[in-house]
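Now for the letters of each chain:
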Amino acid sequence: MGIVSERLKALGIELPPAAPPAAKYIPAVTVNNLVYTSGNDCRVNGKLMYQGKLGRELTIEQGQAAARQTMINLLAVLQEHLGDLDRVERVVKLLGFVNSAEGFAEQPYVINGASELLEQVFGEAGRHARSAIGTSELPFHTPVEIEMIVQIKT
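Remember, it's a predicted structure, so these values are computed and weren't measured experimentally.

1. Side note on the overall build of the protein
Of the regular secondary structure elements, the protein holds three helices and seven strands. Counting from the amino terminus, the protein carries its helices and strands in the arrangement α-β-β-β-β-α-β-α-β-β. Whereas a compact globule of 154 residues would reach a radius of gyration of roughly 15 Å, the protein reaches 15 Å, a difference of no more than 12%. With the C-alpha coordinates of the protein rotated into their principal frame, the extents come out at 45 × 30 × 25 Å. Each of the 154 residues in the protein was classed as buried or not, and the buried ones make up 40%.

Now the structure itself:
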């Protein structure tokens, strides 16, 4: 068992199977030593854990939980794509979208749910550049969508 698998187990996280694409795209692409993922949402067993907008239907804490679950789903994509999460050299960048009610401006705190998990799983290599963007709508009314770029060991 690798270091990342041990950390996930210690956190009580069992990665789900990677979800199939919802439209015409592939879940991850490797270019040289970088892996780019497609956007993911907060599904658990194929169903969104929350739906709606932050600042209206959902609290920051619910948004953080959605971002954490979204990151678990992204780790599942990486696991399937790479075969072993210990191949991740470092997390380079996250792009997080938050389905936001008018006037909601706490997007960075919502996406912290994903960022904190990455630091727990990868340690210093989980620290990353990031953007947290508010948007008026997201597919399927998911509260959060995140994509990421990771550097892999060659």
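2. A look at the layout of surface pockets
In this structure, the largest pocket occupies an estimated 600 Å³ of space. In terms of lining residues, the largest pocket is bounded by 26 residues, among which Ala-19, Pro-20, Asn-40, Asp-41 and Arg-43 are the most central. Here the lining of the largest pocket takes four residues from helix 2 (residues 60–82), the largest share from any one element. Here the lining of the largest pocket is composed, by residue class, of 16 nonpolar, seven polar and three charged.

3. Thoughts on the sheet that holds strand 7 (residues 144–152)
Spatially, the five strands line up as an open sheet ordered 1-2-7-5-6, and their pairing is mixed. Because the sheet does not close on itself, it has two edges, and the strands there are strand 1 (28–31) and strand 6 (129–135). Neighbouring strand axes in the sheet, compared pairwise and without regard to direction, differ in orientation by 15 degrees on average. With three bridges connecting them, strand 2 (residues 34–37) and strand 7 associate as antiparallel partners.

4. Considerations on the packing of aromatic side chains
Within this structure, the stated rule accounts for zero aromatic pairs. Here the guanidinium or amino end of Arg-43 rests over the ring plane of Phe-140, the centre of that ring lying 5.2 Å away.

5. Structural notes on the pattern of salt bridges
Going through the model one piece at a time under the given rule, you end up with four salt bridges. Across the pair Asp-41 and Arg-43 runs a salt bridge whose closest N-O atoms are separated by 3.1 Å. A salt bridge links Glu-124 to Arg-127; the nearest nitrogen and oxygen atoms lie 3.6 Å apart.

6. Considerations on the environment of Ile-13
By secondary structure assignment, the location of Ile-13 is in the loop between helix 1 (3–10) and strand 1. The class for Ile-13 is buried, based on a relative accessible area of 11%. On a C-alpha basis, the gap between Ile-13 and Glu-145 in space is 20 Å, while along the polypeptide they are 132 residues apart.

Reading the values: the criteria
- Residues numbered from 1 in each chain as written.
- Predicted model: local features only at pLDDT ≥ 70, side-chain atom pairs only at ≥ 80, totals over all residues.
- Heavy atoms only, no water.
- Helix = DSSP H or I, 4+ residues; strand = E, 2+ residues; numbered from the N terminus.
- Rg over C-alpha atoms; globule rule 2.2 N^0.38 Å.
- Buried < 20%, exposed > 50% of the residue type's maximum accessible area, 1.4 Å probe, protein only.
- 1 Å grid on protein atoms, 1.4 Å probe; cavity = no way out; pocket = protein on both sides within 12 Å on 5 of 7 lines; lining within 4 Å.
- Points joined across faces, edges and corners; volume = space filled by probe spheres on them.
- Nonpolar A, V, L, I, M, F, W, Y, C, P; charged D, E, K, R; others polar.
- Pairing = 2+ DSSP bridges.
- Axes fitted to C-alpha atoms, helices over the stretch in contact; angles between N-to-C directions.
- Phe/Tyr/Trp six-rings, centres within 6.5 Å; stacked < 30°, edge-to-face > 60°.
- Lys NZ or Arg CZ within 6 Å of the ring centre and 35° of its normal.
- Salt bridge = Lys/Arg side-chain N within 4 Å of Asp/Glu carboxyl O.

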